[in-house]
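Here's the letter readout for the chains.
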Amino acid sequence: MTDIHDPVIEDAFRRGLSRIPAMHSVQVRARRRPTTRRPLLLGAALAIVAVLGLTFGSIESTAATSGFSCADIPTKVRVWLASLPVGAEWHVTDVDGVPELVSQNGGATSVAPAGALARSGCVQMPASSPSLRAP
Amino acid sequence: MALREITRSVPASGSSDALTEDRARWIAACEAACDKVYRAVVAMGAPAHDAADAVQDAVEQALRLKTPGDRPEGWLFVVALRAWKRQRWRQRLFYPLGALRGATYTEQRDEQIALLVELAKLTDRQRTVLIALYALGLSQKEIARILGVAPGTVGSIASQASKKLRKRLGEET
């Protein structure tokens, strides 16, 4: 195997590296990683929880005050309820024995994806209160 | 270097508390190699604090090795380099959050040392080979083993990189 050492480069390395300050114990002990990484991860986790909480919390509160007594309202219906304008009315109709939620808002008809709602038993036909006011 | 403190906090993987002769020799070798490896990581382009962190990580891992070798320089260099690259990746990833908190991250390189400036212009592989060869004093075979390439490849990379560096350093002076 041939010698791959170049004396000029070797000398340049000797001079160059000797100018780098030596590592000393204070730097080694004072590790910065725990102080920079942990708060970042914690902050990111809290931000995610806050965003999820705000999103689903608002939908939950809308559904809870819109006339349903059932706790297990399907998410699709919660989203539909949350999308209704304030003061919009919705009512239950019977389509071939399947209850359906319908809202008429300024002439535009909006129908909730209520199949899941019917299966969950949150609305029974005939509906006891055919027209309830959404918040 | 506070290697004694580290050895006390990191338990050896063996069953007995007493250090065997091999382990004692390995720890002494790690202690002797630390400064050399630190300078090598700085020469690779790491800021001083990051290089110190990376070497500490590597030493902690070296002390946990079940079958320590004879010469720790190459092993420590590769592990420290990986640790630094991971750290650099994290810093870049979380840079926006750091900027929001008012912290600034800059990759500081020592522009005063011509060798480091010229090394930074080489490719990563060329820089690694030259530093392993001249800063750590590893042989061609040892470099080939730690990089996972053939010894002939190391020779060819070293001669190309030396030629380039020699020309550039000659232009500087």
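A.B. asks: For this particular structure, what's the right way to read the overall build of chain B?
C.D. replies: Within chain B one finds nine helices and zero strands. Going residue by residue from the N terminus, the α and β elements of chain B occur as α-α-α-α-α-α-α-α-α. Summarising the internal contacts of chain B: among those between residues at least 6 apart in sequence, 69% fall at separations of at least 24. Total accessible area on chain B is roughly 9000 Å²; 51% of this is exposed by carbon and sulfur atoms.

A.B. asks: It is not clear to me how the overall build of chain A should be interpreted in this structure. Could you clarify?
C.D. replies: Assigned secondary structure in chain A consists of five helices and four strands. For chain A, the succession of helices and strands along the chain, N to C, is α-α-α-α-β-β-β-α-β. Out of the 135 residues belonging to chain A, those deemed buried represent 28%. A fraction of 49% describes how many contacts in chain A between residues 6 or more apart in sequence connect residues 24 or more apart. With the model as given, the accessible surface of chain A reaches about 8400 Å², and the carbon-plus-sulfur share is 60%.

A.B. asks: What's the story with the pattern of salt bridges in this structure? I'm lost.
C.D. replies: A side chain of one charge can pair with a side chain of the opposite charge if their charged atoms are brought near each other. Evaluation of the coordinates by the stated rule reveals ten salt bridges over all chains. Two residues, Arg15 of chain A and Asp11 of chain A, come together in a salt bridge whose shortest N-O distance is 3.3 Å. Of this pair, Arg15 of chain A and Asp11 of chain A are both found in helix H1 (residues 7-18), four residues apart, which corresponds to roughly one turn of the helix. Residue Asp11 of chain A is classed as partly exposed on the basis of its relative accessible area of 28%. One connected set of salt bridges, linked through shared partners, spans Lys36, Arg71, Glu73 and Glu142 of chain B.

A.B. asks: What is the right way to look at the packing of aromatic side chains in this model?
C.D. replies: Each aromatic ring pair is characterised by the separation of its centres together with the angle its planes make. Scanning all chains against the criterion turns up one aromatic pair over all chains. The interplanar angle of 25° and the centroid separation of 5.3 Å between the aromatic rings of Phe13 of chain A and Tyr134 of chain B together place this pair among those described as stacked. Of the two residues, Phe13 of chain A sits in helix H1 while Tyr134 of chain B sits in helix H7 (residues 124-135), which places them in two different chains. Residue Phe13 of chain A shares its accessibility class with Tyr134 of chain B, and that shared class is buried. Between Arg88 of chain B and the ring centre of Trp84 of chain B, over which it is positioned, the NZ or CZ distance is 4.5 Å.

A.B. asks: What exactly am I supposed to notice about the state of the cysteines here?
C.D. replies: One way to say it: the disulfide is the covalent bond shared by the sulfur atoms of two cysteines. All names here are of chain B. All chains considered together, the criterion is met by zero disulfides over all chains. Free cysteine Cys30: the closest other cysteine sulfur is in Cys34, separated by 6.8 Å. Cys34 sits in the buried class, given a relative accessible area of 2%.

A.B. asks: Just to check I follow, could you spell out helix H3 (residues 48-64) of chain B for this structure?
C.D. replies: Each α-helix winds once per 3.6 residues, and so residues spaced three or four apart point in a common direction. Its 17 residues give H3 of chain B an end-to-end C-alpha distance of 25 Å, which sits within 8% of 24 Å, the value for a rise of 1.5 Å per residue. Of all 17 residues making up H3 of chain B, 13 are buried, and the element is well covered by its neighbours.

A.B. asks: Would you mind going over H7 of chain B with me for this structure?
C.D. replies: All names here are of chain B. Here H7 is twelve residues long and its end C-alpha atoms lie 15 Å apart, about the 16 Å a rise of 1.5 Å per residue gives. Of all twelve residues that make up H7, ten are buried, and the element is covered over most of its length. Of the positions making up H7, those classed as buried are Gln126, Arg127, Thr128, Val129, Leu130, Ile131, Ala132, Leu133, Tyr134 and Ala135. Positive phi shows up at Gly137, right after H7, with a value of about 70°.

A.B. asks: Got a minute to help me understand the nonpolar core in this structure?
C.D. replies: Soluble globular proteins tend to bury their nonpolar side chains together. Residues Phe13 of chain A together with Val37, Val55, Phe77, Leu119 and Ile131 of chain B are the most contacted members of the largest nonpolar core, which totals 57 residues. Sorting the residues of this core by element identifies H1 of chain A together with helix H2 (21-43), H3, helix H4 (73-93), helix H6 (114-119), H7, helix H8 (140-147) and helix H9 (151-172) of chain B as the ones contributing at least two each. Here this core gets eleven residues from one element, more than from any other, and that element is H2 of chain B. Excluding residues within four positions of it along the chain, Phe77 of chain B makes contact with Val37, Ala40, Val41, Met44, Thr128, Ile131, Ala132 and Leu136 of chain B. Counting residues in each nonpolar core, the second largest holds nine residues, with Val77, Trp80, Ala88 and Leu101 of chain A among its members.

A.B. asks: Just to check I follow, could you spell out the packing of H3 of chain B against H4 of chain B for this structure?
C.D. replies: Residue and element names in this part refer to chain B. Contact pair H3 / H4: the axes reach a minimum separation of 8 Å and the direction vectors enclose 130°. Relative to H4, H3 is oriented oblique. When the axes of H3 and H4 are compared, the crossing they make is right-handed. Across from Asp50, Ala54, Val55, Asp57, Ala58, Val59, Gln61 and Ala62 in H3, the residues of H4 making contact are Trp75, Leu76, Val79, Ala80, Ala83, Trp84, Gln87 and Gln91. In terms of residue class, the contact of H3 with H4 is built from eleven nonpolar, three polar and two charged.

Definitions and cut-offs
- Residues numbered from 1 in each chain as written.
- Chains lettered and ligands numbered in written order.
- Predicted model: local features only at pLDDT ≥ 70, side-chain atom pairs only at ≥ 80, totals over all residues.
- Heavy atoms only, no water.
- Helix = DSSP H or I, 4+ residues; strand = E, 2+ residues; numbered from the N terminus.
- Contact = heavy atoms within 4.5 Å.
- Areas by Shrake-Rupley, 256 points an atom, 1.4 Å probe, with all protein chains shown as cover.
- Buried < 20%, exposed > 50% of the residue type's maximum accessible area, 1.4 Å probe, protein only.
- Salt bridge = Lys/Arg side-chain N within 4 Å of Asp/Glu carboxyl O.
- Phe/Tyr/Trp six-rings, centres within 6.5 Å; stacked < 30°, edge-to-face > 60°.
- Lys NZ or Arg CZ within 6 Å of the ring centre and 35° of its normal.
- Disulfide = S-S within 2.5 Å.
- Expected span 1.5 Å × (residues − 1).
- Core = buried A, V, L, I, M, F, W, Y, C linked by side-chain atoms within 4.5 Å.
- Axes fitted to C-alpha atoms, helices over the stretch in contact; angles between N-to-C directions.
- Parallel < 35°, antiparallel > 145°, perpendicular 65-115°, else oblique.
- Left-handed = near helix turned anticlockwise from the far one by under 90°.
- Nonpolar A, V, L, I, M, F, W, Y, C, P; charged D, E, K, R; others polar.

These values are about where atoms sit, not about what they do.
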